[in-house]
Amino acid sequence: SVIFRLTNKTASPSIKLLVEDPIVVNPGQTVSLVCITTGGEPPPILTWVSSNDSLPQRSVVKGGTLTLPAITSDEAGVYSCVASNNVGNPAKKSTTIVVRALKKGRFWITPDPYHNDDHIQIGREVKISCQVEATPPEELTFSWLKNGRALRSSERMVITQTDPDISPGTTNLDIIDLKFTDFGTYTCVAALKGGGIPEISIDVNISSTTAEIDTHQTREHFSNLLLSNFVSPCEL
């Protein structure tokens, strides 16, 4: 048998989240999610669930508040507040936590596609492409340097950022009509507008016969490579 007391106040639960959706934060930041009841009789019980199967071990739940101290990228995801009082269906409200990150910087060089020489030659076009994985992708920005000095698009050096739907997180530097004065170190710098995340910097040295890559993080060098043979991306 089931005993249930029905009154003119009995109502299914309703709740409200006092947070934005999504919430974009930096790694190491403490995040608090607040959920309140706006209706329901008997008074609803509030619980929190995560799309990651379970709440992080370091998380703290106090009433309708969920606190995530020193959040990491692994703890990003959808967090939901659930209210239940055994009247009707439980109420559920969700928000997505996005943790900023930059990773997997890589580059590739495309010599003139109409020639098959083993060397990049003066007077031809060279394209340097730089790709970085970013979270959130809409905050990603790129800049280019030559020998440490900022580059701007010109008639002979064209800087473009590709369509994010086709090739996300990619920027290109096209050097038209290569000249001896164009030899040097070209640096692709990726950063997030929100700040708080170290930028990724990739150096590519262009000379008559070699290609060299140097990241500020790994300091790995690949020397004496003929540019026209360097056709597959190099992951860092």
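Residues numbered from 1 in each chain as written. Predicted model: local features only at pLDDT ≥ 70, side-chain atom pairs only at ≥ 80, totals over all residues. Heavy atoms only, no water.

- Going by an unreviewed UniProt entry, the protein carries the name MAM domain containing glycosylphosphatidylinositol anchor 2 and comes from Maylandia zebra.

## Side note on the packing of aromatic side chains
What describes a pair of aromatic rings is the distance from one ring centre to the other and the angle between the planes of the rings.
Here is step 1 of the chain: According to the stated counting rule, one finds one aromatic pair in the structure shown.
Here is step 2 of the chain: On the numbers, 5.8 Å between centres and 90° between planes, the contact of phenylalanine 180 with phenylalanine 183 is edge-to-face. (Phe/Tyr/Trp six-rings, centres within 6.5 Å; stacked < 30°, edge-to-face > 60°.)

## Points about the state of the cysteines
Here is step 1 of the chain: Counted under the stated rule, the structure contains two disulfides.
Here is step 2 of the chain: The disulfide partner of cysteine 35 is cysteine 81, and the S-S distance across this bridge is 2.1 Å. One disulfide, between cysteine 35 and cysteine 81, carries an S-S torsion of -75° and so falls in the left-handed class. You can see cysteine 35 sitting in strand β3 (residues 31-41) and its partner cysteine 81 sitting in strand β7 (residues 77-84), a full 46 residues away along the chain. Here cysteine 35 matches cysteine 81 in class, with each residue buried.
Here is step 3 of the chain: At a sulfur-sulfur separation of 2.2 Å, the disulfide partner of cysteine 130 is cysteine 188. Judged by the sign of its S-S torsion, about -80°, the cystine formed by cysteine 130 and cysteine 188 is left-handed. With cysteine 130 in strand β10 (residues 126-135) and cysteine 188 in strand β15 (residues 184-192), the pair connects residues that are 58 residues apart, well separated along the chain.
Here is step 4 of the chain: For cysteine 130, a relative accessible area of 1% translates into the label buried.
Here is step 5 of the chain: Of the residues examined, cysteine 188 reaches a relative accessible area of 3% and is grouped as buried.
Here is step 6 of the chain: Sequential numbering of the bridged cysteines in the protein gives the disulfide pattern 1-2, 3-4. (Disulfide = S-S within 2.5 Å. Helix = DSSP H or I, 4+ residues; strand = E, 2+ residues; numbered from the N terminus. Buried < 20%, exposed > 50% of the residue type's maximum accessible area, 1.4 Å probe, protein only.)

## So, unusual backbone geometry
Here is step 1 of the chain: For the peptide bond that leads from aspartate 21 to proline 22, omega is 0°, which places it in the cis range.
Here is step 2 of the chain: For proline 22, the location among the structural elements is in the loop between β1 (11-17) and β2 (23-25).
Here is step 3 of the chain: With an omega dihedral of 5°, the bond running from glutamate 41 to proline 42 counts as a cis peptide bond.
Here is step 4 of the chain: Tracing the chain through its elements places proline 42 in the loop between β3 and β4 (45-50).
Here is step 5 of the chain: Phi is positive for alanine 70, close to 45°, though the residue is something other than glycine.
Here is step 6 of the chain: Structurally, the position occupied by alanine 70 is in the loop between β6 (65-68) and β7.
Here is step 7 of the chain: Overall, the relative accessible area of 36% leaves alanine 70 in the partly exposed class.
Here is step 8 of the chain: The backbone of aspartate 177 sits at a positive phi, close to 55°, despite the residue not being glycine.
Here is step 9 of the chain: Within the fold, aspartate 177 resides in the loop between β14 (170-175) and β15.
Here is step 10 of the chain: Looking at aspartate 177, the relative accessible area reads 33%, which means it is partly exposed.

## Some words on the side chain of threonine 95
Here is step 1 of the chain: Along the chain, the position of threonine 95 falls in strand β8 (residues 91-99).
Here is step 2 of the chain: On the basis of relative accessibility, which here comes to 2%, the residue threonine 95 falls in the buried class.
Here is step 3 of the chain: In terms of polar contacts, threonine 95 uses its side chain to reach the backbone carbonyl oxygen of glutamate 20, at 2.7 Å.
Here is step 4 of the chain: In this view, threonine 95 contacts Leu17, Val19, Glu20, Asp21, Pro22, Ile23, Leu33, Gly77, Val78 and Tyr79; residues no more than four positions away in its chain are not counted. (Polar contact = N/O pair within 3.5 Å; in protein donor to acceptor, adjacent residues only side chain to side chain. Contact = heavy atoms within 4.5 Å.)

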